[in-house]
Amino acid sequence: MAKVYKDLREFLTTLEEQGQLVRIKDEVNPEPDIGAAGRAASSMPNGPAVLFENIKGYKGSVVTNVHGSWQNHALMMGMDKDTPTKEQFEELNARWDKYPVPPNVVSREEAPCKENVITEDINLFEVLPLYRINEQDGGFFISKASVISGDPEALDDFGRQNVGTYRIQVKDKDRIGIQALPMHDIAVQLAKAERKNEPLPVAIALGNSPLVTFMASTPVGYSQNEYEFVGALQDGVATDIVPADTAPHLLVPAGAEVVLEGYIIPRVRVCEGPFGEFPGSYSGSRLQCEIQITRITHRTDPIFENLYLGMPWTEIDYLMALNTSVPLYKQLKEGFPEVKAVNAMYTHGIGTIVSIKPRYGGHAKGAAMRLLSTPHGMPYAKIVIMVDDFVDPFNLEQVMWALTTRVLPHKDVTMIENAAGMPLDPSSYPAGMTTKLIIDATTPVAPEPNPRPVELLKDPVGTAKYTEIIKGLIQAAEEE
Amino acid sequence: MKCPRCDSEQTRTMVKSPVGDVWEVYVCEVCWYSWRSTETPVVLEKFKLTPEKITELGVIPPIPPLD
Ligand SMILES: [Zn+2]
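Bear in mind the structure is a predicted one, so any value in this text is a computation, not a measurement.

> Teacher, can you tell me more about the domain arrangement of chain A here?
Often, the extent of an interface is quoted as the loss of accessible area upon association of its parts. Residues and elements named next belong to chain A. By the assigned domains, chain A splits into domain 1 (8-316) and domain 2 (321-441). For domain 1 versus domain 2, the separation of C-alpha centres amounts to 29 Å. Between domain 1 and domain 2, the buried area comes to about 2,100 Å², and carbon and sulfur atoms account for 78% of it. Three residues, F89, P219 and F278, lead the burial of domain 1 against domain 2; their summed loss comes to 29% of the area buried on that side. If you look at where domain 1 meets domain 2, you find one salt bridge. For the pair domain 1 and domain 2, the interface holds five residue pairs in polar contact (both at pLDDT 80 or more).

What follows is the structure, given as structure tokens:
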């Protein structure tokens, strides 16, 4: 059984034991120090989480880059920290099939997130050491929150309850802006409430166990519940949740550091942004929704967990890497069992590489077109590279080999114009419209002609043995 | 006090530092830009706003018709 963390604190303890968390005890300024440390840590190989214990003018602590390296990602899964990316992908795939694992609803008394309650003179700055992440951001952003909302037409339908990550700008002591893009689940729920001019209750959980945060940023179907996936990814161990106080139909992670409760103000849009976004550029100001906070519950001495995002790669790229790849793989696999792996790690799947063993000419291209019409692939996937089953799509040297030796551009490159795109992709024009590109880098299969078939090189017999011999010699030399 | 982004004078103190009296956060009630007294905000020309520009900004998500 893999190691499972009940809350953020347990995970931080493990990260520290494994040398994957550092503490900064000296007093720092909120700007630019916390953002800068998040940038620095996520640029490092084996980048650690960074915990700030003393922030000028604030009570609490901030932790950043918790998910920001493959080592931290592996530890989140309860695996050895040096597990290669493809093995982590395969383990996630296997655990995904345990869905659904119903969560465990605990009583209010058992839920650490209810230790303290604030209902009057709400001031977010008293609870959270808020800071500007990037210089041109229009304010202080909460970049790693799990937002819980329900379907106003089916409040008791647990499956249609949504847990998602949306960018949040602090607008006032007790009011925040939220970005609900039309393609996001919360926008569907909001539209139903706004048609009736009713507020949409929401709960915002900050500082969660690592797989809750991971699932909140995973694209799953509208009627699939994220908590049931958390249990699956925790290798079958149910996650603990508890009803929100102001909207008991909303269930929040019991171990959250902080829970903000409130509602989206109906039919109001207010200036929000700019915000440095995951494609590595700022997205400008827009008129967006606002949430009135009416209640805060929090653990004693809460830790504010937030992430840095900027020029890729940063923490958000690690957080959205395999949880974008696995659902796309599952959706593709249903119609194309020949698919071996999906790497959708580039800018949230805007660039995606698929390995497949094509059965007939045009088969790989057909699978690419399926990818482009999956719920996530439709807006996000723009550049799709299809490679043979023996190519590891997580190994970019191998992918480049396939591109350079398997692609005859006039027949293997296809463009589909006037297609759905991701508005935050600055090349989409108008925002949200794009051209899709499919590159079929698989070896031709009949009836497609393959006029120059080749014999692939194989590793000489004894390669594995010599790998061990050479490793041993290096180790011996180091020990001398 | 002028907003560094839209030059409006409709600004106020949003909050004072919870510990000590070491900073304040200000907010503009026209464009909702906010900044800390310890910062020296330089808003790039492309991100500057005016009341006219604000009314022309994209609406996300669109507001649906009432039932
Ligand atoms: Zn302003």
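More follows now that the structure is in view.
> For this particular structure, what's the right way to read the layout of surface pockets?
Unfilled space is identified by rolling a water-sized probe across the atoms. Residues and elements named next belong to chain A. Within this model, the largest pocket holds a volume of roughly 780 Å³. What lines the largest pocket is a set of 37 residues, among which T165, Y166, H184, H348 and Y380 lie closest to the centre. Of all the secondary structure elements, the ones that give two or more residues to the lining of the largest pocket are β8 (162-164) and α9 (315-319). Tallied by class, the residues present in the lining of the largest pocket amount to 21 nonpolar, twelve polar and four charged. Viewed by domain, the lining of the largest pocket spans two of them, domain 1 (8-316) and domain 2 (321-441), each represented by three or more residues. By volume, the second largest pocket is sized at about 570 Å³. Along its surface, the second largest pocket is lined by 18 residues, and T405, R406, P444, N450 and R452 are the ones closest to its centre. If you list the elements that add at least two residues to the lining of the second largest pocket, you get α12 (396-406) and α13 (409-412). The element best represented in the lining of the second largest pocket is α12, accounting for four residues.

> What should I look at first to understand the pattern of salt bridges in this one?
Close approach of charged atoms allows side chains of opposite charge to pair. Residue and element names in this part refer to chain A. As enumerated under the stated definition, the model contains 38 salt bridges over all chains in all. Of the charged contacts in the structure, one is a salt bridge between E126 and K59, with a shortest N-O distance of 2.6 Å. Of this pair, E126 sits in helix α5 (residues 124-127) while K59 sits in the loop between β2 (49-52) and β3 (61-64), placing them 67 residues apart in sequence. The class of E126 is partly exposed, set by a relative accessible area of 34%.

> Hey, could you run me through empty space enclosed by the protein in this one?
All names here are of chain A. Applying the stated criterion across every chain, the model contains one cavity of 30 Å³ or more. Estimates place the volume of the largest cavity at around 40 Å³. Looking at the largest cavity, the residues that line it are P358, Y360, G361, G362, H363, A364, D440, T442, T443, P444, V445 and E448. Residues belonging to the lining of the largest cavity are distributed by class as follows: five nonpolar, five polar and two charged.

> Can you walk me through the packing of helix α4 (residues 85-96) of chain A against helix α10 (residues 322-335) of chain A in this structure?
When two helices pack together, their arrangement is given by the angle between the helix axes and the distance between those axes. All names here are of chain A. Running from amino to carboxyl end, α4 crosses α10 at an angle of 55 degrees, the nearest separation of the two axes being 10 Å. Relative to α10, the element α4 lies oblique. Between α4 and α10 lies a crossing of right-handed hand. Counted together, T85, Q88, F89, L92, N93 and W96 of α4 and L322, S325, V326, P327, Y329 and K330 of α10 form the full contact between these two elements. Partitioned by chemical class, the residues of the contact of α4 with α10 number seven nonpolar, four polar and one charged.

> Is there a simple way to think about the interface of chain A and chain B in this case?
Taken together, the 46 residues of chain A in the interface contact 36 residues of chain B. Sorting the residues of chain A by area buried against chain B places Q136(A), R195(A) and L287(A) first, and these three jointly supply 18% of that buried surface. Where chain A touches chain B, the interface holds five salt bridges. Of the charged contacts in the structure, one is a salt bridge between K196(A) and D67(B), with a shortest N-O distance of 3.7 Å. At the boundary of chain A with chain B, the tally comes to 18 residue pairs in polar contact (both at pLDDT 80 or more). Those elements giving two or more residues to the side of chain A that touches chain B turn out to be α2 (30-43), α5, β9 (168-172), α6 (185-195), β15 (270-272) and β18 (286-298) of chain A.

> What exactly am I supposed to notice about a nonpolar patch on the surface here?
Residues and elements named next belong to chain A. On the surface, a nonpolar cluster with roughly 500 Å² of combined accessible area is contributed by Y466, I469, I470, L473 and I474. Within the secondary structure, I470 sits in helix α14 (residues 463-479). Judged by relative accessible area, which is 46%, I470 ranks as partly exposed.

> In this structure, what is going on with the environment of T11(B)? I would like to understand it.
Residue and element names in this part refer to chain B. Residue position: T11 is located in strand β1 (residues 11-16). It is 6.9 Å that separates the C-alpha atoms of T11 and Y26, two residues lying 15 residues apart in sequence. Look past the residues within four positions of T11 in its chain and what remains in contact with it is M1, K2, C3, V27, C28 and W35. Of note is the side chain of T11, whose polar atom sits 2.6 Å from the backbone oxygen of M1.

> Just to check I follow, could you spell out the pairing of strand β11 (residues 200-206) of chain A for this structure?
One face of the sheet, then the other: side chains in a regular strand alternate in exactly this way. Residues and elements named next belong to chain A. With six of seven residues buried, β11 is to be regarded as a mostly interior element. Judged from the seven bridges that link them, β11 and strand β14 (residues 258-264) form a sheet pairing that is antiparallel. The partner of I204 across the bridge, within β14, is L260.

> Sorry, what's going on with the packing of aromatic side chains here?
Both the distance between ring centres and the angle between the ring planes are used here to describe each pair of aromatic rings. Residues and elements named next belong to chain A. As enumerated under the stated definition, the model contains 18 aromatic pairs over all chains in all. Note on Y99 and F229: the rings are 3.9 Å apart at their centroids and 15 degrees apart in plane angle, and the pair reads as stacked. Here F229 lies in helix α8 (residues 226-233) and Y99 lies in the loop between α4 and β4 (104-105), a separation of 130 residues in the sequence. Judged by centre distance (4.1 Å) and plane angle (25 degrees), the ring pair of F141 and F275 falls under stacked. Placement of F141 in strand β6 (residues 141-142) and of F275 in strand β16 (residues 275-276) is noted, with a sequence separation of 134 residues between them.

> Would you take a moment to explain the side chain of R132(A) for this structure?
One can find R132(A) in the loop between α5 and β6. Owing to a relative accessible area of 4%, R132(A) belongs among the buried residues under this scheme. Within the structure, R132(A) has its side chain in polar contact with the side chain of E39(B) (distance 2.8 Å). Dropping the residues within four chain positions of it, R132(A) is found in contact with E31(A), D137(A), G138(A), G139(A), F140(A), Y33(B), S34(B), W35(B), R36(B) and E39(B).

The rules we used
- Residues numbered from 1 in each chain as written.
- Chains lettered and ligands numbered in written order.
- Predicted model: local features only at pLDDT ≥ 70, side-chain atom pairs only at ≥ 80, totals over all residues.
- Heavy atoms only, no water.
- Domains from an automatic or database assignment.
- Buried area = accessible area lost by both parts, 1.4 Å probe.
- Salt bridge = Lys/Arg side-chain N within 4 Å of Asp/Glu carboxyl O.
- Polar contact = N/O pair within 3.5 Å; in protein donor to acceptor, adjacent residues only side chain to side chain.
- 1 Å grid on protein atoms, 1.4 Å probe; cavity = no way out; pocket = protein on both sides within 12 Å on 5 of 7 lines; lining within 4 Å.
- Points joined across faces, edges and corners; volume = space filled by probe spheres on them.
- Helix = DSSP H or I, 4+ residues; strand = E, 2+ residues; numbered from the N terminus.
- Nonpolar A, V, L, I, M, F, W, Y, C, P; charged D, E, K, R; others polar.
- Buried < 20%, exposed > 50% of the residue type's maximum accessible area, 1.4 Å probe, protein only.
- Axes fitted to C-alpha atoms, helices over the stretch in contact; angles between N-to-C directions.
- Parallel < 35°, antiparallel > 145°, perpendicular 65-115°, else oblique.
- Left-handed = near helix turned anticlockwise from the far one by under 90°.
- Contact = heavy atoms within 4.5 Å.
- Patch = residues over 30% accessible without salt bridge, like charges linked within 9 Å, V, L, I, M, F, W, Y side chains within 5 Å.
- Areas by Shrake-Rupley, 256 points an atom, 1.4 Å probe, with all protein chains shown as cover.
- Pairing = 2+ DSSP bridges.
- Phe/Tyr/Trp six-rings, centres within 6.5 Å; stacked < 30°, edge-to-face > 60°.

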